[in-house]
Amino acid sequence: MRSPFHVVVLCFGVIAGLSVPANAQGAPQLQQTKATADQKAGFPLHASVSLTQNIGSGTFVASPFNPTVSTQLTMAPSLSWQGFNFGLSQTLGMEWTQSDGTTYAHQVEMSDIGLSAGSAGWALDDLNLSLAPSLGLQLPVSLAARQAGSLGTPSLAARASWRLPEQGFAFYVKGSTGYTILVPALATRFANQPSKPFTDDLGRTVATDGCNTRNPAELLNYACGGLTSGFRWSTGLGASWSGFNDQLAVNLDLGYGQAFSIFVSPDDEFTAERAVPGAGLRQSTSGNLSATYAPATWFLLTAGISSFQGAFAENGTTPRFPLWDFVSPFNNFSSVYVDTTFNF
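Residues numbered from 1 in each chain as written. Predicted model: local features only at pLDDT ≥ 70, side-chain atom pairs only at ≥ 80, totals over all residues. Heavy atoms only, no water.

### Focus on the pattern of salt bridges
Condition: Just to be clear on terms, a salt bridge is a Lys or Arg side-chain nitrogen sitting within 4 Å of an Asp or Glu carboxyl oxygen. Categorising residues by exposure relies on relative accessible area from a 1.4 Å probe, with only protein chains included: less than 20% of the type maximum marks a residue as buried, more than 50% marks it as exposed, and the intermediate range marks it as partly exposed.
Counted by the stated rule, this structure contains 2 salt bridges. For Asp325, the salt bridge identified is with Arg320, shortest N-O distance 2.7 Å. Side by side, Asp325 and Arg320 carry an identical accessibility label, which is buried.

### Section: the packing of aromatic side chains
Here is the rule: When the centres of two rings from Phe, Tyr and Trp lie within 6.5 Å, Trp using its six-membered ring, the rings pair. Their planes under 30 degrees apart give stacked, over 60 give edge-to-face, and anything left gives tilted. To qualify as a helix, a DSSP run of H or I must reach at least 4 residues; to qualify as a strand, a run of E must reach at least 2; elements of each kind are numbered from the N terminus. We call a charge positioned over a ring when the NZ of a Lys or the CZ of an Arg lies within 6 Å of the ring centre and within 35 degrees of the ring normal.
Across all of its chains, the model carries 9 aromatic pairs by this definition. Consider the rings of Trp233 and Tyr256, whose centres lie 5.8 Å apart with planes at 65°: the pair is edge-to-face. Remark: Tyr256 occurs in strand 14 (residues 248-265) and Trp233 occurs in strand 13 (residues 229-243); sequence separation between them is 23 residues. Within the aromatic cluster, the residues linked to one another by ring pairs are Trp162, Phe169 and Phe171. Positioned above the aromatic ring of Tyr172 is the side chain of Arg159, whose terminal nitrogen or guanidinium carbon lies 3.8 Å from the ring centre.

### Some remarks on the side chain of Ser150
Selection rule: Any pair of N or O atoms that falls within 3.5 Å is considered a polar contact. Within protein, one atom must be able to donate a hydrogen and the other to accept it, and sequence-neighbouring residues count only if both atoms are side-chain atoms.
Summarising the element assignment, Ser150 is placed in strand 8 (residues 150-164). Using a relative accessible area of 8% as the deciding quantity, one classes Ser150 as buried. Looking at Ser150, its side chain comes within polar contact range of the main-chain nitrogen of Gly152, at 3.0 Å.

### Structural notes on the pairing of strand 1 (residues 45-56)
The two faces of the sheet receive side chains in turn, since in a regular strand these alternate between them. For clarity, the cut-off: Any two strands with at least two DSSP bridges between them are considered paired.
Only one face of strand 1 is covered, namely the face carrying His46, Ser48, Ser50, Thr52, Asn54 and Gly56; the face carrying Leu45, Ala47, Val49, Leu51, Gln53 and Ile55 is uncovered. Two elements, strand 1 and strand 2 (residues 69-81), share 11 bridges in a ladder whose sense is antiparallel. Residue pairing in the sheet places Ser50 in a bridge with Thr74 of strand 2. In terms of strand pairing, strand 1 meets strand 17 (residues 334-343) through 9 bridges, oriented antiparallel. Across the sheet, the residue bridging to Gly56 is Ser335, located in strand 17.

### Points about unusual backbone geometry
Residue Pro64 follows Ser63 across a cis peptide bond; omega there is -5°. With respect to the helices and strands, Pro64 occurs in the loop between strand 1 and strand 2. Phi is positive for Gln82, close to 50°, though the residue is something other than glycine. Its place among the elements puts Gln82 in the loop between strand 2 and strand 3 (84-95). Given a relative accessible area of 61%, Gln82 falls into the exposed group. Even without being glycine, His106 reaches a positive phi, approximately 60°.

And the structure:
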């Protein structure tokens, strides 16, 4: 069972080949942030600070009970220059309940540093259409990225939007692709290190192995480095409505993505019956439904539900509901969240 580490950022990316759920600030929040930047056009530097409280879906399941409550702090400075926008983001998170993925209680988890560069793109004002491309780079500073042997993840994205300003509606489609640069020697540099010995009930010390391989060559095939992804692509669409002088907005985001594993599974006498040899393919969906209240241009209050999970159930054919995990909620793939964002 995993603990969610939701990243609240204004850019699109991945962390060390692992797809990351995001309580993404959608179209209303982005529009509000842009309006704030326009008002400060004389000063090109801006920043946003977000504090997000998450309650995982496992908290609402009686058996098995896996409560998960976490907090994330995201800092995102940006620069606007000559029609281009440059951004940086960093998220720090901590789980208040018992974590399944940290070394000690209340350990602060650090995300990769996200760098982004985007253009205002092209606009057809008469049709209320716009297209904006962007570049991204994830710098591998998180524990997950370093354990995977990542040197960084460059990405390319584009977003097309259509607005109906008189009705307050906005719609968008987006696409993104990226590749994590991985070095097997970095991922397996700890695999051959002696593991902590085990002491049995009789006080005898038993040596343990941290990595069991068929042969030494498997160390270069991520046999002990996890199912790390290299190439991935994703697509998404969304809709939003804003009203009451743009102080209230409702947003819906849906996404689908595929990631291809670097690990190539062998096919020999040790291969399990249900195992699929070769490079692995993982399919995922994401969903976000939120409402935002913006009493001022510098403050946003958002509440919603967010989900990131496998695209299909265990049978491989039944699609999951993208906004909430009803199949295995104890895994905390879904969460309820409240986010406060301050724009400067």
